[in-house]
Amino acid sequence: MKSSTETSYKRALANGYLDTQFDAIVVGSGAGGLTAAALMALDGKKVLVLERHAVIGGCLQVFKRPGFEWDVGLHYIGEVHRPGTLQSLFNKVTRGELKWRKMPEVYNKIAIGDEVFEYHAGSAAFRERMKQYFPEEADAIDRYLELVNEASRPAGEFLAVRAMPGPIADQAFDQVAPRFMPLAEKTTLEVLRSITSNEKLIAVLCGHFGDYASLPSVASFSVHAAVIRHYLDGASYPIGGAQVIADQMSETVRQAGGMVLAGADVVEVVEHNGTVVGVRMAGGEVLEAPRVISGIGIRQTLSMLKSERPDVAEVNAKAQSMPSTLPAVVLNLGLNASNADLDVGPANIWIHQSAHQTEDWQHYIQDSSNRRMPLHFISQPSAKDPTWPERYPDRTTMDICSFTDWNLWKPFKDTQWKHRGDEYEALKARLTEEMLQQVYRFYPKAEGHVAHAELATPLSFNDFLGRTRGDFMSFAPTPERYEQRWTRAFSPVKGLLFTGQDVAMGGVSGAMIGGLLAASAALGRDLFRELNMPA
């Protein structure tokens, strides 16, 4: 077997394939890590990607059981069906091999209590539909879309600053902040309540807040606006499933002579004389490279850096104190009937207890052991992928993501996977039943057809994504987060760069933009500008 096609770290080490000089080591094979690695590979760099787990892809991977597969973290993507930065980025890192299926005009449904509201693709269609639901709020809806565009306009320029080094970044931050921060420093709820007092309209407009995994009372309006703008023209799904994205980016790395290896447990970022020189593995061996790019999160990375430098300690303290996004439980369902038989379509469903989203959450966490979760999200990958009926005939899959209270799971945080005890299993069983009831509420024909049900908990995210607080989007997108200057590609230590969600914004698209920023920093070029230049 050629070294470039090897996928196992253990075999690569045993066969001597790692006895070579790499231009960079990337820690973590999620969207941020693979994007940075692929962009560097396309520039002729030889990159080694190290993934702790058995499957490459992070939240891009799919989760398989006999007869079924599910998304881990990608449920829909916006902006890839029309020319722009994201379409160009996906095309570039996958060498044009990735194909998309456009979702129908109604791509999101928002359930508020017993009412259901639809998100229609296209700014004009979205505006018209919202005004049909809330005719007395026409001016507020117009103003809302104006503010979404106003907040989104400087976002790209603001994020580009994250790829710049020290003093240059500070100067650029000062220049763009007056345009970005006026709306970024306000919460979503604060902005929406400034234009309307209609709580139901606010709840509908915030109906997808799970996309940034933070309450509207917590999240910066600029993040909310970025997500709305991202999906305003509709959404798409990768043909063949999310794993195809990771596989194609991995192939881009390999074609340049690099390697993407699973089962590679990095335990330390190695520094020598003030410069990062490589990584230490769980087996004790040190792999060297002039640059290390980490996609596992700023918090987690700095915890692996044994440095006594005050600037490192300062950034680490700030990172550790940052609030996290909401934790979630995810129920993977496999059903022994086709999408058509069960009346399952592609549109996602966001389910809210009532229009009082913040109050409902506060009520829930006061006694989460005895109260129902107030927000659920149902996605149907089998109805989005056109290759599904051929690959899994007469089968349907659903992912149900429900936001939960971390305090429920804290008692089990020091237990081992598959050995967490009866109390843990009882909690999982209770929440599984609660989530199934939501499925049957919206898909009544699904009852009696569940052939497989498996629940991932916040502890699963800790185990498989290296988290410590049960979250999967790391730093909460608060106004304070975007006031920070250290959440950028450059770390305090020479030779160490950050990529992924922490550098940009949450979600797969945000992580990939983080990868674009990291690669720009590593190569010393503005890849944003190059990406959008005419061919």
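Overview of the structure. Going along each chain's sequence as written, the residues are numbered from 1 onward. Reporting of local features is limited, given that this is a predicted model, to residues whose pLDDT is at least 70; pairs of side-chain atoms are given and counted only at 80 or more, and all residues count toward the totals for whole chains, interfaces and linings. Excluding hydrogens and water, the side-chain figures rest on all heavy atoms present in the structure.

**Topic: the pairing of strand E18 (residues 396-403)**
Formally: Relative accessibility decides the category of a residue: with a 1.4 Å probe and only protein chains considered, values under 20% of the type maximum give buried, values over 50% give exposed, and everything between is partly exposed. Counting from the N terminus, the helices are the DSSP runs of H or I reaching at least four residues and the strands are the DSSP runs of E reaching at least two. We call two strands paired when DSSP finds no fewer than two bridges between them.
Along E18, eight of the eight residues are buried, which leaves the element largely enclosed by surrounding structure. Of the two faces of E18, both are covered, the one formed by Thr-396, Met-398, Ile-400 and Ser-402 as well as the one formed by Thr-397, Asp-399, Cys-401 and Phe-403. Both strand E15 (residues 328-335) and E18 contribute to a ladder of eight bridges, which runs antiparallel. What sits directly across from Val-329, in E18, is Ser-402. In the sheet, strand E17 (residues 375-379) pairs with E18 via four bridges, with the strands oriented antiparallel. Within E18, the position partnered with Ile-378 by the bridge is Ile-400.

**Things to note about the packing of aromatic side chains**
The cut-off we apply is this: Side-chain rings of Phe, Tyr and Trp (the six-membered ring for Trp) are treated as a pair once their centres are within 6.5 Å; stacked means planes under 30 degrees apart, edge-to-face means over 60, and tilted covers the remaining angles.
Tallied over the entire structure, the rule returns 20 aromatic pairs. Measuring from ring centre to ring centre gives 5.0 Å for Phe-90 and Trp-100, while their planes differ by 90°; the resulting arrangement is edge-to-face. Placement of the pair is Phe-90 in helix H3 (residues 85-93) and Trp-100 in strand E6 (residues 100-102), with a sequence separation of ten residues. Like Phe-90, the residue Trp-100 is buried in the burial classification. Centroid distance Trp-388 to Tyr-392: 4.5 Å. Interplanar angle 35°. Geometry classified as tilted.

**Comments concerning the packing of helix H4 (residues 123-133) against helix H5 (residues 138-152)**
The relative placement of two packed helices comes down to the angle between their axes together with the axis-to-axis distance. Here is the rule: Where helices are involved, their axes are fitted lines through C-alpha atoms of the stretch in contact, as for all axes, and angles between N-to-C directions lie from 0 to 180°. Between 65 and 115 degrees an angle is taken as roughly perpendicular, under 35 as roughly parallel, over 145 as roughly antiparallel, and anywhere else as oblique. For any pair of crossing helices, the crossing counts as left-handed if the nearer helix is rotated counterclockwise from the farther one by less than a right angle, and right-handed if it is rotated clockwise. What makes two residues a contact is simply this: any of their non-hydrogen atoms within 4.5 Å. Gly counts as polar in this scheme, as do all residues outside two lists: the nonpolar Ala, Val, Leu, Ile, Met, Phe, Trp, Tyr, Cys and Pro, and the charged Asp, Glu, Lys and Arg.
The geometry of H4 relative to H5 is characterised by a closest axis approach of 9 Å and an angle of 150° between their N-to-C directions. On the basis of the axis angle, H4 is roughly antiparallel to H5. Both H4 and H5 take part in a crossing whose hand is right-handed. Residue-level inspection shows Ser-123, Phe-126, Arg-127, Met-130 and Lys-131 of H4 in contact with H5, the latter providing Ala-138, Ile-141, Asp-142, Tyr-144 and Leu-145. Considering only residue class, the contact of H4 with H5 consists of six nonpolar, one polar and three charged.

**A short note on the pattern of salt bridges**
What counts here: Should a side-chain nitrogen of Lys or Arg be within 4 Å of a carboxyl oxygen of Asp or Glu, the pair is scored as a salt bridge.
All told, the structure shown has 28 salt bridges when counted by the stated rule. Where Arg-82 meets Glu-79, a salt bridge forms, and the shortest distance between an N and an O atom there is 3.6 Å. Between Glu-118 and Arg-129 there is a salt bridge, with its nearest N and O atoms 3.7 Å apart. Note that Glu-118 is positioned in strand E8 (residues 115-120) and Arg-129 in helix H4, a separation of eleven residues in sequence. Taken together, the shared-partner salt bridges connect Asp-43, Lys-45, Arg-525 and Glu-530 into one network.

**Topic: the side chain of His-224**
As a reminder of what qualifies: Definition of a polar contact: a pair of N or O atoms within 3.5 Å, with one able to donate and the other able to accept a hydrogen when the atoms are protein atoms, and with sequence-neighbouring residues admitted only if both atoms are side-chain atoms.
Counting through the fold element by element, His-224 comes out in helix H10 (residues 221-231). Exposure remark for His-224: the relative accessible area of 0% places this residue in the buried category. Side chain to side chain, His-224 and Tyr-212 meet in a polar contact 2.9 Å long. Leave out the neighbours within four places in its chain, and His-224 touches Tyr-144, Thr-188, Leu-205, Cys-206, His-208 and Tyr-212.

**A short note on the packing of helix H2 (residues 31-42) against helix H20 (residues 507-523)**
Interhelical geometry of H2 versus H20 gives an angle of 40° and a closest axis separation of 7 Å. Accordingly, the angle class assigned to the pair H2 and H20 is oblique. The way H2 lies across H20 gives a crossing that is right-handed. Taken together, the residues of H20 that come into contact with H2 (itself represented by Ala-31, Gly-32, Thr-35, Ala-36, Leu-39 and Met-40) are Val-508, Ala-511, Met-512, Gly-515, Leu-516, Ala-518, Ala-519, Ala-522 and Leu-523. Looking at the contact of H2 with H20, its residues break down into twelve nonpolar, three polar and no charged.

**Observations regarding a negative patch on the surface**
Here is the rule: Exposure above 30% relative accessible area and the absence of a salt bridge qualify a residue for a patch, where like charges join within 9 Å and nonpolar side chains (Val, Leu, Ile, Met, Phe, Trp, Tyr) within 5 Å. In this description, accessible areas are obtained by the Shrake-Rupley approach with a 1.4 Å probe, and a residue is regarded as covered only by the protein chains that are shown. The sign given to each residue is positive for Lys and Arg and negative for Asp and Glu; His and the chain ends receive no count. Note that the charge is assigned to NZ on lysines, CZ on arginines, CG on aspartates and CD on glutamates.
There is a patch of like negative charges on the surface, built from Glu-185, Glu-190, Glu-480 and Glu-483. With respect to the helices, strands and loops of the structure, Glu-190 is situated in helix H8 (residues 188-193).

**Some words on helix H19 (residues 458-465)**
Among the residues of H19, those classed as buried are Pro-458, Leu-459, Ser-460, Phe-461 and Asn-462. On its buried side, H19 packs onto E15, helix H18 (422-442) and strand E19 (450-456). Looking one or two residues beyond H19, the residue adopting positive phi is Gly-466, at roughly 70°.

**Re the environment of Phe-90**
Looking at Phe-90, the relative accessible area reads 0%, which means it is buried. Considering only alpha carbons, one finds Phe-90 and Ala-235, 145 residues apart in sequence, at a separation of 14 Å.

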